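Given next are the chains, with one letter for each unit.
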Amino acid sequence: MAADHFCQACRTPFANAFPLDENGLCPLCRRGMRGYDAAYSYGFYDGNLARLIQIYKYSAISTLAQPLSSLLSLALPRSERIDAIVPVPMHWFRRWTRGFDQTRLLAEELSKRTGLPCLRVLSRTRRGTPQAGLSDRERRKNVANSFAVPDAARVRGKNILIIDDVLTTGATASACGLALKKAGARRVTAITVARADRRFYAPELTGRARSTSVGS
Ligand SMILES: [Zn+2]
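Quick caveat, the model's predicted, so the values are computed rather than measured.

Visitor: Account for the overall build of the chain, naming residues and giving values.
Guide: Tallying secondary structure elements over the chain gives 8 helices and 8 strands in all. For the chain, the residues scored as buried account for 36% of the 216 residues in total. Relative to all contacts within the chain whose residues are 6 or more apart in sequence, the contacts with residues 24 or more apart total 75%.

Have a look at this one:
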């Protein structure tokens, strides 16, 4: 699926050019509400790519981390200079019930592939409610201030690449980016295997969005 209109900074796709200003920025980037400087994804959360991610995540097929991490490295432009990889942390309770931290595995595979260090520096400050099924505004409220970097020295002055499996509204990546910036990170780039197309989150499609939304 192709989208013709993207925010120049966060690369959020839009159905038309209306939300973008003369510099090509979306309202959130314009108001400085994005915690990351750029976001890239291998493809849209759709079809075979969505199925692959669901199998990886819910069937806990850890061997899929390797091919999926190769998609991540394909999505990252060569112009991005990265110092370290940081996975979006899973809440311990969800890791315990699922027995598998898919994002951490992806980050570790990408670290092996690129030789960049994988720093598990983000921690969750409170238990986040699962994001699936919430509106943009609810998601932002749900995750704001829910991440922290206890050891700021490890990220200070660095260009950080945050990893997640699916980017939906960018609320989680944004909250992680804000925590990293607060700790002194120089630049934060987000990369995900897939990105959900915002055009599917129109109110009349909420039911469908809920059934397929797994990321945040
Ligand atoms: Zn934007």
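Visitor: Can you tell me about the pairing of strand β7 (residues 159–167), naming the residues and giving the values?
Guide: The buried fraction of β7 is high, at 8 of 9 residues. By the bridge criterion, 4 bridges tie strand β4 (residues 84–87) to β7 in an arrangement that is parallel. When the sheet's bridge partners are listed, V86 is paired in β7 with I162. Sheet analysis places β7 next to strand β8 (residues 187–195), joined by 8 bridges and oriented parallel. Note that in β8 the partner of I162 across the bridge is A190. For the crossover that starts at β7, traverses helix α7 (residues 171–182) and ends in the parallel β8, the hand is right-handed.

Visitor: Describe unusual backbone geometry, and please don't skip the residues or the numbers.
Guide: If you check the backbone angles, A60 has positive phi at about 50 degrees while not being a glycine. Here A60 is to be found in the loop between α2 (47–58) and α3 (65–75).

Visitor: Any details on the environment of S135? Residues and values, ideally.
Guide: The residue S135 is located in the loop between β5 (123–124) and α6 (136–143) in this model. For S135 and T169, which are 34 residues apart along the polypeptide, the C-alpha to C-alpha distance reads 8.8 Å.

Visitor: So what about the pairing of β8? Which residues, and what values?
Guide: Counted residue by residue, β8 has 8 buried out of 9 residues, so it is predominantly covered. As paired elements, strand β3 (residues 38–44) and β8 share 6 bridges and run parallel to each other. Across the sheet, F44 pairs through a bridge with R195, a residue of β8.

Visitor: An account of the sheet that holds β7 is needed here, citing residue identities and associated values.
Guide: Pairing between sheet strands relies on hydrogen bonds along the backbone, with the strands arranged either parallel or antiparallel. With respect to topology, 4 strands assemble into an open sheet ordered β3-β8-β7-β4, the strand pairing being parallel. Since the sheet does not close on itself, it has two edges, and those belong to β3 and β4, each with one partner. The average angle at which neighbouring strand axes cross in this sheet is 25 degrees, direction not considered. Each of β4 and β7 touches helix α5 (residues 102–114); the most contacted strand, β7, lies at about 130 degrees to it. α7 contacts β3, β4, β7 and β8 of the sheet and is inclined by roughly 165 degrees relative to β7.

Visitor: An account of the nonpolar core is needed here, citing residue identities and associated values.
Guide: Among the nonpolar cores identified, the biggest contains 49 residues, and I162, I163, C176 and L180 are the most heavily contacted of them. In this view, C176 contacts G35, V88, L122, F147 and I162; residues no more than four positions away in its chain are not counted.

Visitor: Residue-level account of the packing of α3 against α5, with values.
Guide: Each packed pair of helices is defined by two parameters, the angle between the axes and the distance between the axes. It is at 8 Å that the axes of α3 and α5 come closest, and there the two elements cross at 65 degrees. Judged on the interaxial angle alone, α5 and α3 are roughly perpendicular. Two packed elements cross with a definite hand, and for α3 against α5 that hand is right-handed. For the pair formed by α3 and α5, the contact residues are A65, Q66, L68, S69, S70, L72 and S73 on the first element and L105, L106, E109, L110, R113 and T114 on the second. Looking at the contact of α3 with α5, its residues break down into 6 nonpolar, 5 polar and 2 charged.

Visitor: Could you give an account of α7, naming the residues involved and the relevant values?
Guide: The terminal C-alpha atoms of α7, which comprises 12 residues, lie 16 Å apart, in line with the 16 Å expected from a rise of 1.5 Å per residue. Among the 12 residues that make up α7, 9 are buried, leaving the element largely enclosed by the rest of the structure. Every buried residue of α7 is accounted for by A171, T172, A173, S174, A175, C176, G177, A179 and L180. The positive-phi residue at the C-terminal boundary of α7 is G184, with phi of around 105 degrees.

Visitor: Give a description of the environment of C26 that names residues and reports values.
Guide: Examined against the element boundaries, C26 turns out to sit in the loop between β2 (13–14) and α1 (27–30). Each C-alpha atom, one on C26 and one on F14, is 9.1 Å from the other, the two residues being 12 residues apart in sequence. Apart from the residues lying within four places of it in its own chain, the contact partners of C26 are C7, C10, T12, P19 and L20.

Analysis parameters
- Residues numbered from 1 in each chain as written.
- Predicted model: local features only at pLDDT ≥ 70, side-chain atom pairs only at ≥ 80, totals over all residues.
- Helix = DSSP H or I, 4+ residues; strand = E, 2+ residues; numbered from the N terminus.
- Buried ≥ 20, exposed ≤ 12 C-beta atoms within 10 Å, placed from the backbone.
- Contact = placed C-beta atoms within 7 Å.
- Pairing = 2+ DSSP bridges.
- Right-handed = clockwise from strand over helix to strand, strands pointing away.
- Axes fitted to C-alpha atoms, helices over the stretch in contact; angles between N-to-C directions.
- Core = buried A, V, L, I, M, F, W, Y, C linked by C-beta atoms within 7 Å.
- Parallel < 35°, antiparallel > 145°, perpendicular 65-115°, else oblique.
- Left-handed = near helix turned anticlockwise from the far one by under 90°.
- Nonpolar A, V, L, I, M, F, W, Y, C, P; charged D, E, K, R; others polar.
- Expected span 1.5 Å × (residues − 1).

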